[in-house]
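# Summary of the model geometry
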Amino acid sequence: QAKNAGRNTQRFYDPTMQAALEARAALETDLRLAIKKNQFRLYYQMQVDHSGNVHGAEALIRWQHPQKGLVPPLQFIPLTEETGLIIPIGHWVMETACAQIKRWESDPATRDLQVAVNVSACQFHDSSFVERVIEMLSRHKIKPGNLKLELTESLVLDNVEEAIMKMQALKSYGVLFSMDDFGTGFSSLSYLTKLPLDQLKIDQSFIRNMCMNNRDAVVVQTIIGMANNLGIEVIAEGVESETQREFLEQNKCNLCQGYLFSQPLPVDAFENKLRQMHTYQLSTLIGRE
Ligand code: C2E
Ligand code: MG
Ligand code: MG
Ligand code: MG
């Protein structure tokens, strides 16, 4: 038996594994090209209060692939994190979001829109992260309070002291922070009092089930109550139905984001949607992409 096992381990050639490795290498090559060829796009998904006012938008990356079409982030972001490509791509995301904030600041109807940008762990842990963000804020001359960085619990827990220091450094400029996918990280709540957070974002898995499952409802109510008591804004992601929105309003959740209001959209479509919503009279924006 042991002899057989020993012999079997020498049969390392596995066509399935080989194919997967080749696909991965091809994807990596494609991604390097995508940066050069400017194939990434930023989509924006609105964040709305219960009166229908749009407070901001989350910037979400897509890859406009010449053959595959629009590729969603979950199909390429993990590989960019493993290969370090997330650093130049994250740089592009931040750059594009800051330029967009600048354009929106030139119009009274959009000047206070807060744009939320997702930050990967490797980006945040990079030693030049804080400098880079500050450099972009000053080069684009944007209101730092219009930039919100979305971090995850696991990113923060990698090194809580580092997270506090970097967050405080950016906070002193006025940059805002949101804790994304909140409730999924199995983390201790003690760090909540230590981190300079402006917003908790309740993970969509709880929102999805809260109207059918009492336990999810209790988790959602507890997170909202905790945020309210800590004086932190709270937003629900993945809001798809009016029933969910009503439950969130009754339980005093400040903001909602989800397909009920809008899908993530390219800038032009996002602005059209804003114009349609009667609370906004958007004048013609100049110098748009
Ligand atoms: P996330 O930050 O938690 O973003 C929320 C995801 O939920 C987005 O998926 C969004 O399109 C989707 N969503 C929004 N409303 C609804 C809804 O009502 N129902 C459902 N079922 N889904 C909804 P998306 O755009 O595919 O992004 C997936 C993840 O990829 C993001 O999760 C984020 O972790 C990552 N990501 C996206 N853009 C970036 C980026 O620029 N940089 C980095 N580092 N990560 C990004
Ligand atoms: Mg996010
Ligand atoms: Mg999220
Ligand atoms: Mg999520």
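Refer to the structure printed above.
Counting starts from 1 at the beginning of each chain's written sequence and moves along it residue by residue. Note on labels: chains are lettered from A, ligands numbered from 1, in written order. Local features in a predicted model are, by the rule used here, given only for residues with pLDDT of at least 70; side-chain atom pairs are given and counted only at 80 or more, and totals for whole chains, interfaces and linings are based on all residues. To get the side-chain values, all heavy atoms of the structure are used, and hydrogens and water are removed first.

So, about helix α8 (residues 160-171). Note that an α-helix has 3.6 residues per turn; residues three or four places apart therefore point the same way. Here α8 spans 16 Å end to end across twelve residues, near enough to the 16 Å set by a 1.5 Å rise per residue. Note on classification: 1.4 Å probe, protein chains only; a residue is buried when its accessible area is under 20% of the maximum for its type, exposed when over 50%, partly exposed between these limits. Helical segments are the DSSP runs of H or I of at least four residues, strand segments are the runs of E of at least two, and each set is numbered from the N terminus. Buried within α8 are the following residues: Glu162, Ala163, Ile164, Lys166, Met167 and Leu170. N or O atoms within 3.5 Å of each other form a polar contact, as long as, within protein, one can give a hydrogen and the other can take it, and as long as residues adjacent in sequence are counted only when both atoms are side-chain atoms. A side-chain oxygen of the first residue of α8 lies 3.4 Å from the backbone nitrogen of Glu161; this N-cap is Asn159. The length a helix should cover is 1.5 Å for every residue beyond the first.

Attention shifts here to the side chain of Asp216. Among the secondary structure elements, Asp216 is positioned in helix α11 (residues 214-230). Contact criterion: two residues are considered in contact whenever any of their non-hydrogen atoms come within 4.5 Å of each other. When residues no more than four places from it in sequence are discounted, the contact partners of Asp216 are Ser205, Phe206, Asn209 and Met210.

This next bit is on unusual backbone geometry. The phi angle at Asn38 is positive, at roughly 60°, despite the residue not being glycine. On the secondary structure map, Asn38 appears in the loop between α2 (15-36) and β1 (40-48). Positive phi, normally seen in glycine, also occurs at Lys141, with a value near 50°. Position of Lys141 among the secondary structure elements: in the loop between α6 (129-140) and β5 (147-152). Residue Lys141 is classed as exposed on the basis of its relative accessible area of 62%.

Criterion for a salt bridge: a side-chain nitrogen of Lys or Arg within 4 Å of a carboxyl oxygen of Asp or Glu. Scanning the model with the defined rule gives twelve salt bridges in all. Residue Arg32 pairs with Glu28 through a salt bridge whose shortest N-O separation is 2.8 Å. Of this pair, Arg32 and Glu28 are both found in helix α2, four residues apart, which corresponds to roughly one turn of the helix. Taking relative accessible area as the criterion, Arg32 reaches 42% and is therefore assigned partly exposed. When salt bridges that share partners are traced, they join Glu58, Glu150 and Lys201 into one network.

On to helix α12 (residues 242-250), then. If you check which residues of α12 are buried, you get Gln244, Arg245, Phe247 and Leu248. The buried residues of α12 all sit within an arc of 160° when viewed along its axis, so they share a single face. Exposed side chains of α12 directed beyond 90 degrees from the buried face belong to Thr243 and Gln250. The inward-facing, buried residues of α12 contact α10 (204-209), α11, β8 (233-237) and β9 (255-257). With its phi angle positive at about 70°, Lys252 sits one or two positions after the end of α12. To obtain the arc, one takes the directions from the helix axis to the C-beta atoms.

Being near a molecule or strand, for a residue, means having at least one of its heavy atoms within 4 Å of it. Residues in contact with ligand 1 amount to 22 residues; listed here are only the nearest, Arg62, Asn118, Gln204, Glu240 and Tyr259. In this structure, Ile61 approaches ligand 1 through a main-chain N or O atom, which is 3.1 Å from a nitrogen atom. Interatomic distance of 2.9 Å between a side-chain N/O atom of Ser120 and a nitrogen atom of ligand 1. The Shrake-Rupley method, run with a 1.4 Å probe sphere, supplies the accessible areas, and residue values consider only the shown protein chains as cover. The fraction of the free accessible surface of ligand 1 (800 Å²) that becomes covered by protein chains is 85%. Of all the secondary-structure elements, those providing two or more residues to the shell around ligand 1 are β2 (54-65), α4 (86-105) and β6 (176-182). Counting residues per element, the shell around ligand 1 draws most heavily on β2, which supplies four residues. Ten residues, namely Ala, Val, Leu, Ile, Met, Phe, Trp, Tyr, Cys and Pro, are considered nonpolar, four, namely Asp, Glu, Lys and Arg, are considered charged, and the remaining ones, Gly among them, are considered polar. Of the residues assigned to the shell around ligand 1, the class counts are nine nonpolar, six polar and seven charged.

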